[in-house]
Amino acid sequence: MNANYHRRRIVNVLAQGGMVACTVAVLVPLVLIFSYLLLKGFGSLNLAFFTHLPKPVGEPGGGMANAIVGTIILIALASVVGLPIGVATGVYLAEYGHGRLGWIVRFSADVLNGVPSIVIGIYAYTLLVLPMKGFSAYAGGCALAVIMLPIVARTTEEMLKLVPNSLREGALALGVPAWRTTLLVVIRTARAGIITGIMLAVARIAGETAPLLFTAFGSQFWHQGLSQPIASLPVQIYTYAISPFDDWHRQAWAGALVLLTLIFLTSLSVRLLTRGRVHTAR
Amino acid sequence: MDRREEAPLANGVRSESAELKWPVTSVSAPRIQKRLNLGDWMFRNLAALFALLLVCVLGSIVLVLLLESWGSIRTFGWGFLIGSKWDPVFKEFGALPFIYGTLVSSFLALLQAVPLSIGTALFLSELAPNWVRAPVSFLVELLATIPSVIYGLWGIFVLIPWARTYVGPALSTTLGFLPFFQGPNYGVSMLTASMILAVMVVPYVTSVTFEVIQAVPTAQREAALALGATKWEMLRMAVLPYGRTGIIGAVILGLGRAIGETMAVTMVIGNRADISTSLFAPGATMASVIANEFAEATYDLYVQALVEVGLVLLIITVFVNALARLLVWTVAGPQTNMRGV
């Protein structure tokens, strides 16, 4: 009896130790990735990286300024297309989405969220690149918009559902029509939360590479208008990483550091925003 | 059910969250009522229109891929799925090497990721004090925000050399009698791809498993503890079996992620359309072949074949994701936070 109890306690301690070991093992790659990014990325960062165009193969120096600008343009394009649809869908799901259509939309959004981004790339290629007879920023932006849609829709829905019903009822009791209640009271109350969802989506699409490979394609020059191929940080990192040149490898690390910093700043501000919202809601 | 009901309702009125039956309709002046309803009607339908647009996007993705790959479907029929020769020069297209590559790399990734994820989820849920839980779960979530291409970059310059000099030799000396660990080891391989996939899948499986474990009723735990179980016995006998369906759902959700993952895999797997038993050999997945060859496909049938690979990939991921969602919902309810998953 006593020996048995002893054995059980040892197993218990071992199992708990195993859980701690698992957690450490999960965090090790994270630490490794960060340290390599800082180590290799910082050394290659300089002013030219942010202000200059890529140099031709063999010439050292140059930067990724066009890719940084390109990424910002692509995100803006995606937001212009994706945000209105996403937010409106979220409003529909939260305020009217209790019937069958709501279920269908919610399910579609979740399925769309799971569609591999490379498939969305093919979709945008077929619908936009083929008819326009060329790679373009438009096609890249639309591909990213499709990726944004379900994220924005679902977070908007979640955030609107957090708004207490008493607020809606109060507005209605004052004679405000339901649609104006939604616009002026519900959405305004949940504003911080909706922005959170938007920034989550932006953080997600900022690093997307696969759908841009054959839509925005990439370029070595400043952007030449939205109907032309456009450079972006993730694609540039990819091209440089698989190239055989040391100098390009260095730039890829620097680009990765910049991209990750951008994404982390976005998610960090999301955290701060959410904290503020939770705080005021209570 | 949802958090809306937790909110205090005016005068204890339980508003029917099922439909919009707000008192607006009982306004006495009929003229005003009509105008109000028009505004509501327009707003509601406008929102519904946008929501339908999202459904249409999903539907048209399937449709577009089907139409675009129709030439290849007609030419190869079902043989496309079982043909093992992918030779653009001779216009021969069989997708089996890629289907094989996708399944094997994803399966291997789960083999590494699932134990780690469940262990981490248990740690976060059961062992970690609050001051540890918050930062650790934040760090695990960070893993999910790193873009695929950065994983790939790290894979090329750190993981591949490491796999070539340490992991490969270690495996071939200890498990070399198995056919999986024989042959030359260049580092660019199915094994390396599965390792990087495992790292990428961990945050998703962990967060959903965590939610599922948290959803297990306290009574389950207390009953086990009252019977004298140690903490581990309580978890093994009362918590894990209760949440089994949900955990399986979490694993399948991770599978869906791994199957669709493109860039990191493309950068480390070597991209060779071969089926080989050795995990040290380079391979290719459905996503990686599209990423690699689509922009360079020179004739129609080639493009169509690649789109058909995309279609197969789409069907598999949609199926896997739907299955996972249903499984998780049965345990933790449809409100389970699977954001970004």
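The written sequence of each chain sets the order in which its residues are numbered from 1. Lettering of chains starts at A and numbering of ligands starts at 1, both following the order in which they are written. Restriction of local features to residues with pLDDT of at least 70 applies here, the model being predicted, together with a cutoff of 80 or more for giving and counting side-chain atom pairs; totals for whole chains, interfaces and linings are based on all residues.

### Topic: the overall build of chain B
Here is step 1 of the chain: Counting from the N terminus, the helices are the DSSP runs of H or I reaching at least four residues and the strands are the DSSP runs of E reaching at least two. Each helix and strand counted, chain B has 13 helices and 2 strands in total.
Here is step 2 of the chain: Exposure classes come from backbone-placed C-beta atoms, where a residue is buried if 20 or more other C-beta atoms lie within 10 Å of its own, exposed if 12 or fewer do, and partly exposed in between. The proportion of buried residues among the 341 residues of chain B is 47%.
Here is step 3 of the chain: Note that contacts rest on C-beta atoms placed from the backbone: two residues are in contact if these are within 7 Å. Counting contacts in chain B only where the partners sit at least 6 residues apart, residues at least 24 apart contribute 74% of the total.

### Here's the deal with the nonpolar core
When a protein is soluble and globular, its nonpolar side chains tend to lie buried together.
Here is step 1 of the chain: Counting 195 residues, the largest nonpolar core has Val201(B) and Val268(B) as the members making the most contacts within it.
Here is step 2 of the chain: In terms of residue count, helix α7 (residues 190-215) of chain B provides more of this core than any other element does, 17 residues in total.
Here is step 3 of the chain: The residues that make up this core include at least three from each of domain 1 (2-39) and domain 2 (51-281) of chain A.
Here is step 4 of the chain: Those residues in contact with Val201(B) that sit more than four places away from it in its chain are Ala109(B), Leu110(B), Ala113(B), Gly254(B), Arg257(B) and Ala258(B). Any nonpolar core is a set of buried residues, restricted to Ala, Val, Leu, Ile, Met, Phe, Trp, Tyr and Cys, that join up through C-beta atoms within 7 Å. For the purposes of this description, domain bounds are those given by an automatic or database domain assignment.

### Details of the confidence of the model for chain B
All names here are of chain B.
Here is step 1 of the chain: The predictor attaches a confidence to each residue, and that confidence, scored 0 to 100, is pLDDT. For chain B, per-residue confidence averages 85 on the pLDDT scale, and 87% of positions sit at 70 or higher.
Here is step 2 of the chain: By mean pLDDT, the top-scoring element of chain B is helix α4 (residues 96-127) (94), and the lowest-scoring one is helix α1 (residues 30-68) (84).
Here is step 3 of the chain: Low pLDDT (under 50) marks residues 1-19, which in the prediction has 24 contacts with non-local residues, meaning those over four places away or in another chain.
Here is step 4 of the chain: The complex model carries a pTM of 0.87, and its ipTM stands at 0.90.

### Digging into the domain arrangement of chain A
Here is step 1 of the chain: With domains assigned, chain A is organised as domain 1 (2-39) and domain 2 (51-281).
Here is step 2 of the chain: Computed over C-alpha atoms only, the centres of domain 1 of chain A and domain 2 of chain A are separated by 36 Å.

### Quick word on the interface of chain B and chain A
Interface size is commonly expressed as the accessible surface area that is lost when the partners come together.
Here is step 1 of the chain: Facing the 83 residues of chain B at the interface are 80 residues of chain A.
Here is step 2 of the chain: Take the side of chain B that touches chain A: its biggest share by element is 18 residues, from α1(B).

### Let's talk about the packing of helix α3 (residues 65-96) of chain A against helix α4 (residues 100-114) of chain A
Residues and elements named next belong to chain A.
Here is step 1 of the chain: Each axis is a line fitted through C-alpha atoms, and for a helix only the stretch in contact is used; angles between axes span 0 to 180 degrees, taken between their N-to-C directions. Where α3 meets α4, the axes come as close as 10 Å, and the angle between the chain directions of the two elements is 140°. Here α3 is positioned oblique relative to α4, judged by the angle of their axes. Pair α3 / α4 crosses with left-handed handedness. Taking contact as the criterion, the partners of Thr89, Tyr92, Leu93 and Tyr96 in α3 are, on α4, Gly102, Val105 and Arg106. By definition in this entry, angles of less than 35 degrees are roughly parallel, angles greater than 145 are roughly antiparallel, angles of 65 to 115 are roughly perpendicular, and the rest are oblique. Less than a right angle of anticlockwise turn of the near helix away from the far helix marks a crossing as left-handed, whereas a clockwise turn marks it as right-handed.

### Structural notes on the confidence of the model for chain A
Note that predicted coordinates carrying low pLDDT should not be read in detail.
Here is step 1 of the chain: The predicted model of chain A has a mean per-residue pLDDT of 88, with 96% of residues at 70 or higher.
Here is step 2 of the chain: The low-confidence segment residues 277-282 of chain A, where pLDDT is below 50, has 3 contacts with residues more than four positions distant or belonging to other chains.

### A word on helix α8 (residues 178-189) of chain A
Here is step 1 of the chain: Buried residues of α8(A): Ala178(A), Trp179(A), Thr181(A), Thr182(A), Val186(A) and Ile187(A), and no others. Projected down its long axis, α8(A) shows its buried positions confined to an angular sector of 145°, all on one face. Note that the arc is defined by the directions from the helix axis to the C-beta atoms.

### Concerning the environment of Leu167(A)
All names here are of chain A.
Here is step 1 of the chain: Turning to its location among the elements, Leu167 is positioned in helix α7 (residues 165-173).
Here is step 2 of the chain: Given 17 C-beta atoms within 10 Å, Leu167 falls into the partly exposed group.
Here is step 3 of the chain: In this structure, the C-alpha to C-alpha distance between Leu167 and Trp103, residues 64 residues apart in sequence, is 25 Å.
Here is step 4 of the chain: Beyond its immediate stretch of four places on either side in the chain, Leu167 contacts Val185 and Thr189.

### Comments concerning the packing of helix α1 (residues 2-44) of chain A against helix α5 (residues 130-145) of chain B
Here is step 1 of the chain: Look at α1(A) against α5(B): their axes get within 10 Å of each other, and the N-to-C directions meet at 50°. Between α1(A) and α5(B), the crossing angle belongs to the class labelled oblique. Relative to α5(B), α1(A) is oriented so that their crossing is left-handed. Residue-level inspection shows Thr23(A), Val26(A), Leu27(A) and Leu30(A) of α1(A) in contact with α5(B), the latter providing Val136(B), Leu139(B), Val140(B), Leu142(B) and Leu143(B).
Here is step 2 of the chain: For this classification, Asp, Glu, Lys and Arg are treated as charged, while Ala, Val, Leu, Ile, Met, Phe, Trp, Tyr, Cys and Pro are nonpolar and the rest, including Gly, are polar. Among the residues making up the contact of α1(A) with α5(B), the classes are represented as 8 nonpolar, 1 polar and no charged.

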